[in-house]
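An overview of the molecular structure
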Amino acid sequence: MEKITIICVDDQREVLSAVLKDLAQFEPSFLLEDCESADEALALMDELDAEGQFIGVVISDHVMPGKSGVELLTAVANDSRFIHTKKVLLTGQATHQDTIAAINQARIESYFEKPWDAEVLVNCVRTLVTEYIFDMGLDYTLWGDVIDNTTVLRRLR
């Protein structure tokens, strides 16, 4: 079965742990990976891609040392290997300009402010990973009850 990874990026370990806890229900159907910087996330994506794994969703904080979340998600959006990877900005400190850049340059699919509603985040990730499976032409039946049935029905029409 194809391996699809959900990557969470935040420089604050406690925030990263909270996001991973909220998304834990996706394991073992999907791999959950965490990174504490944009550079670490990009290196992990290179490694996973080289291993033939798929990166379905990247969830990133914005304000981090080094590259920002918008810079990370823009790099993902501009990398042809990850053209279908879904991007989410999860932040408490993005300015209006940062948000515009995330939409226009990184082409994010969703934006969440901290603190987030866990159920809303989980439902968003479920929809995005389902869309990713269809965009990649993968057999959606392999993921059974973990994917979003409404998205499946919409995509099968």
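Residues numbered from 1 in each chain as written. Predicted model: local features only at pLDDT ≥ 70, side-chain atom pairs only at ≥ 80, totals over all residues. Heavy atoms only, no water.

**Describing the environment of Phe82**
Inspection of the secondary structure assignment puts Phe82 in the loop between helix H3 (69-77) and strand S4 (86-91). Put simply, Phe82 and Gly56 are 26 residues apart on the chain and 8.6 Å apart in space, counted from C-alpha to C-alpha. For Phe82, the contacting residues outside a window of four places in its chain are Met45, Asp49, Ile55 and Val76. (Helix = DSSP H or I, 4+ residues; strand = E, 2+ residues; numbered from the N terminus. Contact = heavy atoms within 4.5 Å.)

**As for helix H1 (residues 13-23)**
Of all the residues in H1, the buried ones are Val15, Leu16, Val19, Leu20, Asp22 and Leu23. One face of H1 carries all of its buried residues, which in axial projection span an arc of 160°. Opposite the packed face of H1, turned more than 90 degrees from it, sit the exposed residues Glu14 and Lys21. (Buried < 20%, exposed > 50% of the residue type's maximum accessible area, 1.4 Å probe, protein only. Arc of directions from axis to C-beta.)

**Brief notes about the packing of H1 against helix H5 (residues 118-135)**
Closest axis-to-axis distance for the H1/H5 pair is 9 Å, and the angle between their directions is 65°. Considering their axes alone, H1 and H5 lie roughly perpendicular with respect to each other. The chirality of how H1 crosses H5 is right-handed. On the side of H1, the interface is formed by Val19, Asp22 and Leu23, while H5 contributes Ala118, Leu121, Val122 and Val125. Taken together, the residues that form the contact of H1 with H5 break down as 6 nonpolar, no polar and 1 charged. (Axes fitted to C-alpha atoms, helices over the stretch in contact; angles between N-to-C directions. Parallel < 35°, antiparallel > 145°, perpendicular 65-115°, else oblique. Left-handed = near helix turned anticlockwise from the far one by under 90°. Nonpolar A, V, L, I, M, F, W, Y, C, P; charged D, E, K, R; others polar.)

**What about the nonpolar core?**
Membership of the largest hydrophobic core comes to 32 residues, with the highest contact counts inside it found for Ile4, Ile6, Leu23, Phe30 and Ile59. Those elements giving two or more residues to this core turn out to be strand S1 (4-9), H1, strand S3 (54-60), S4 and H5. Of all the elements, H5 adds the most residues to this core, at 9 residues. Aside from chain neighbours lying at most four places away, what touches Ile6 is Leu23, Phe26, Phe30, Leu31, Leu32, Glu33, Val57, Ile59 and Val125. Ile7, Val70, Leu72 and Leu73 belong to the second largest nonpolar core, which has 21 residues in total. (Core = buried A, V, L, I, M, F, W, Y, C linked by side-chain atoms within 4.5 Å.)

**Examining the UniProt feature "modified residue: 4-aspartylphosphate" (unreviewed entry) in the protein chain**
With numbering matched to this structure, UniProt assigns "modified residue: 4-aspartylphosphate" (unreviewed entry) to Asp61. Every residue in contact with Asp61, bar those within four places of it in the chain, is listed here: Val9, Asp10, Asp11, Gly69, Leu89, Leu90, Thr91 and Lys114. (UniProt positions renumbered as here; feature names shortened; annotations may be inferred.)

**With respect to the environment of Leu44**
As for its placement among the helices and strands, Leu44 is situated in helix H2 (residues 38-50). Residues Leu44 and Arg126, 82 residues apart in the sequence, show an inter-C-alpha distance of 22 Å.

**A short note on the pattern of salt bridges**
For the structure on display, the rule yields 12 salt bridges. Taking the shortest distance from any N to any O, the salt bridge between Arg13 and Glu36 comes out at 2.7 Å. Taken together, the residues Arg13 in helix H1 and Glu36 in the loop between strand S2 (31-35) and H2 connect sequence positions 23 residues apart. Of the residues examined, Glu36 reaches a relative accessible area of 34% and is grouped as partly exposed. Two residues, Arg154 and Glu131, come together in a salt bridge whose shortest N-O distance is 3.2 Å. (Salt bridge = Lys/Arg side-chain N within 4 Å of Asp/Glu carboxyl O.)

**Remarks on unusual backbone geometry**
The omega torsion of the bond from Glu27 to Pro28 falls at 0°, within 30 degrees of zero and hence cis. As for its placement among the helices and strands, Pro28 is situated in the loop between H1 and S2. Here the residue pair Lys114 and Pro115 is connected by a cis peptide bond, since its omega of -10° sits within 30 degrees of zero. For Pro115, the position within the fold is in the loop between strand S5 (110-113) and H5.

**Quick look at the packing of aromatic side chains**
Taken as a whole, this structure holds 4 aromatic pairs when the rule is applied. With centroids separated by 6.2 Å and ring planes inclined at 65°, the aromatic side chains of Phe26 and Phe30 adopt a geometry described as edge-to-face. For the pair formed by Phe26 and Phe30, the shared burial category is buried. Seen from their ring centres, Phe134 and Tyr140 are 5.2 Å apart, and the 20° between their planes marks the pair as stacked. The exposure class of Phe134 is buried, given its relative accessible area of 17%. Residue classification places Tyr140 among the partly exposed positions, given a relative accessible area of 27%. Following the ring pairs from residue to residue traces out a cluster consisting of Phe26, Phe30 and Trp143. (Phe/Tyr/Trp six-rings, centres within 6.5 Å; stacked < 30°, edge-to-face > 60°.)

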